Amino acid sequence: MRLPDPFQMNDWENRRFFWAFQAIQLAFIGIVCLDLIGYHIPVAREALAFVYLTFLPGILVLKALRLHDLGTIETVLYSVGLSLVVLMLTGLFANTVYPLLGSARPLSLEVLFPTIVGVVQILLYLALTRDREHAGSSHAGLEISIPPPAVPFLALLPFLAIVGTYIRNEYHMVTLLFLLLVLIAVIGLVVGFDRFIPASCYPFAVYSLALALLYHTSLISGYIWGYDIHHELHLASNVLISGTWDMTIPYNTNGMLSVVMLAPIYSLICDLDLVWVFKILYPLFFALVPLALYRVIERQTNPKIGFFSVFFFMSFFTFYTEMISLARQQVAELFLVLTVLAMVDKSMDRSRRAFLMITFGFAMIVSHYGLSYIYLFSLVPAWLLLILPDYLPSGILEKLRGMAGTLAHDPLASHEPRPRLQTLVLPYIFILAILTYLWYSTVAEGTAFATITGIGDKIVNTLFAEPFNPATIQGMYILASQSVTPLHSLAKVVHIATQGLIAVGLLATLARRGRWRIEPEYLAISIVFFLVNIAGIAVPFFASSLNTSRLYHITLILLAPFAIIGGIALYEAVAGRVRAITALPLMRTAFQALSVFFVVFLLFNTGLIYQVTGDSPTSMALETSGDKPVFNNKEVQGARWLISEGSGRPIYVDGMRWWLLLGFNPDNQRYLPANASYIEPGSYLYLGTYNLVRESVRIEVRERAVTAADYTDAGRFTENQNRIYDNAGSSVYYR
């Protein structure tokens, strides 16, 4: 039995599409209106508004572009990406045009709600007009059959994360989260050993694993946790309070529509607090990054390489820790992967592919400056790598071909001719460069543009004056620093081994292009990204501008498959010389060996191994007693009281509680100095739960590109001060 596939509505026959679309829209409008007059149906508005905002505008754009037969995965990915673009541009339009027409609060529910409905109706008209000849695709139906046993098991993983974090928050028990991480590790093994999960379930497995990993950290605490996300919350809250976006506020983050437009729109239309927009909805978007990455790799290699590439990418701790506190980068990475997906899809018409690449490229620019700069600066050398063969003298080309001819015959290589259709062209780079300059030099007083020039100045001034100084090179400092325990030293070796696999994989791909049929554009950008990794270890102030782990995470978006290719190449080289290796229980195939290696990598990165052994635990979710940027309700309540009563006076706070206060008023807070006498008279001192329980504060000192932290007695700072607020979880002192 076949039913219309709701994930491929753009492939439906026009009449069915029109009536189904209008039914969804009427239901959405009705639910919102009922809610506004006091008839609230639990979860109905939140769920229906999310579906309406996240999928329908993008489906209409795909239909207006006459893009059909993309497949379920591509249709979902492109429709979500295009919907987010439409929402950001709609908010930007309302914020720019409506004040000229006399509206003082253009980003309020009463203005945005009819505006979004109107924009969607315009898109519907364009879609049906431009696609009037479409009669529907015969294969667009959804086959109704009994799913494989793996499907319900995989679907339970995100729910296990939700229940596990609830129990952790309420009862400080992490048993279910332990179980979740063990199950994720088991899934990595069963795929490597070809058990239980068929290849047809890999896309669903990828999304389910990604969402479970993200929720197992994002949902800890009833408040946002982490670092930059507190400032993002502050800026998004200002938009909701004022009903408008002040594009002149001189913060880099203030120029990112992924924060100042997208979050307020979802909060208003879905009637969801901003905290839960960041904790629940943004991980739903970010979990699409591994799914899109899987599709990019699977199209070029095979499903198993695609799965383990994504498993490696998701296992790295930055994916479910640092990225949770970077809402703008979560959205930007989705646009980056969608750009790459369009780039490698040579079956699509050139003009439509160019439209998608430019659209998603622009969306990435207005979502995160750091990621956009890395991508843009990588395009030029990648383009040069692509055109270089056309300009080499014929004699050099003949020698290179002769060297390639000496390679052993590869029976797995495919010799089918492939038409050359280059998608990474100079006009595309010029367009993105112009858009980048115009946006970053205009909004937020040009701070994002000034930031990159400042980093460039630091690098140039330090590169020759202090080469290879760990104090200026964060990546080198991490490699050279002594690990706290032998187990942590072993983890560092595992991390270094993954970079070695990537290097081997790149060489193997270059040597045997017939077997590893990676698209030239993808390979060229990957080579540049690998050089970016090296720069993070060798170039002063380069990695520290983002953070070394974030930089590595970004490069893994393209480099992850080469770790798998490198592992396969190494396994085949060893097995070819030592036949007995294939007789070992966990080494009978390359994928079995790789699954074991990357499961160990996952266990180190999630902190499960450290937690079980009690060896300096690192997990945000499993460790409940350490000093982390995770804040309870009493700490949030104390911070709110202080901001409301503080009268704009300076507020001193230690290095970890700094991030909490950043979400309320970043202008008045000060880092707690090592010397208590440096605290200004007439100022406040804020202490959180950890400070009160341990009677210590975290003092941070930044030396060039490296931040050093130490804990000292809190009593040195509270003596001769008056305690004016105390709720048993946070305290405020006045001097």
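The model shown is predicted, which means the values in this text are computed figures rather than measured ones. (Residues numbered from 1 in each chain as written. Predicted model: local features only at pLDDT ≥ 70, side-chain atom pairs only at ≥ 80, totals over all residues. Heavy atoms only, no water.)

1. Section: helix H15 (residues 350–365)
It helps to recall that an α-helix has 3.6 residues per turn; residues three or four apart then point in one direction. Going by this rule: Segments assigned H or I by DSSP are reported as helices when at least four residues long, segments assigned E as strands when at least two residues long, and all are numbered from the N terminus. A helix is expected to reach a length of 1.5 Å times the quantity of its residues less one. The buried label goes to any residue with under 20% of its type's maximum accessible area, the exposed label to any with over 50%, and the partly exposed label to all in between, with areas taken from a 1.4 Å probe on protein chains only.
In this model, H15 (16 residues) spans 22 Å end to end at C-alpha, consistent with the 22 Å of a helix rising 1.5 Å per residue. Within H15, the full set of buried residues consists of Arg353, Leu356, Met357, Thr359, Phe360, Gly361, Phe362, Ala363, Met364 and Ile365.

2. Focus: a nonpolar patch on the surface
To keep things clear, this is the line we draw: Like charges are joined within 9 Å and nonpolar side chains (Val, Leu, Ile, Met, Phe, Trp, Tyr) within 5 Å, but only among residues with over 30% relative accessible area and no salt bridge; these make up the patches. Surface accessibility follows the Shrake-Rupley procedure with a 1.4 Å probe radius. Residue values consider only the protein chains on display as shielding. Any Lys or Arg side-chain nitrogen found within 4 Å of a carboxyl oxygen on Asp or Glu counts as a salt bridge.
Nonpolar side chains collect at one region of the surface, where Leu34, Leu36, Ile37, Tyr39 and Ile41 lie side by side and expose about 530 Å² of accessible area between them. By the secondary structure assignment, Leu36 is in helix H1 (residues 14–36).

3. Comments concerning the pairing of strand S9 (residues 731–734)
Short version of the rule: Only strands joined by at least two bridges in the DSSP assignment are considered to pair.
Strand direction decides the pairing type here: strand S5 (residues 684–687) and S9, joined by four bridges, are antiparallel. Each residue of the ladder has a partner; that of Tyr686, found in S9, is Val732. Bridge count between strand S8 (residues 722–726) and S9: four bridges; the pairing is antiparallel. Directly across from Tyr725, in S9, lies its bridge partner Val732. Hairpin connection from S8 to S9: four residues lie between these consecutive antiparallel strands, with Ala728 at a positive phi of about 70 degrees.

4. Some words on the confidence of the model for the protein
Our working definition: Residue-level confidence of the predictor is what pLDDT reports, using numbers from 0 through 100. Here, residues are in contact when the closest pair of their heavy atoms is within 4.5 Å.
Mean pLDDT over the protein stands at 88; residues scoring 70 or higher make up 89%. In this model residues 403–419 is a low-confidence stretch, pLDDT under 50, and it forms 13 contacts with partners more than four residues away in sequence or in other chains.

5. A word on the side chain of Asn668
Mapped onto the secondary structure, Asn668 falls in the loop between helix H27 (658–662) and strand S4 (669–671). Using a relative accessible area of 16% as the deciding quantity, one classes Asn668 as buried. Ignoring anything within four residues of it in the chain, the contact list for Asn668 reads Gly648, Arg649, Pro650 and Ile651.

6. A short note on unusual backbone geometry
One non-glycine residue, Ser616, adopts positive backbone phi at about 45 degrees. Its location among the elements puts Ser616 in the loop between helix H25 (608–613) and helix H26 (633–645). Take Ser616: its relative accessible area is 35%, and that puts it in the partly exposed class.

7. As for the packing of helix H3 (residues 72–97) against helix H12 (residues 288–300)
As a reminder, the rule being used: Between N-to-C directions, angles cover 0 to 180 degrees, with each direction set by a line fitted to C-alpha atoms, over the stretch in contact for helices. For classification, angles of less than 35 degrees are called roughly parallel, those exceeding 145 degrees roughly antiparallel, those between 65 and 115 degrees roughly perpendicular, and all remaining angles oblique. Left-handed describes a crossing in which the near helix is turned anticlockwise from the far one by less than a right angle; the clockwise case is right-handed. Gly falls in the polar group here, along with every residue not listed as nonpolar (Ala, Val, Leu, Ile, Met, Phe, Trp, Tyr, Cys, Pro) or charged (Asp, Glu, Lys, Arg).
In contact at an axis separation of 11 Å, H3 and H12 are set at 135 degrees when each is read in the N-to-C sense. In this view, H3 runs oblique relative to H12, as classed from their interaxial angle. The interaxial crossing formed by H3 with H12 has left-handed handedness. Within the contact between the two elements, H3 uses Ile73, Glu74, Leu77 and Val80 and H12 uses Leu288, Leu291, Ala292, Arg295 and Arg299. Of the residues that constitute the contact of H3 with H12, the class distribution is six nonpolar, no polar and three charged.

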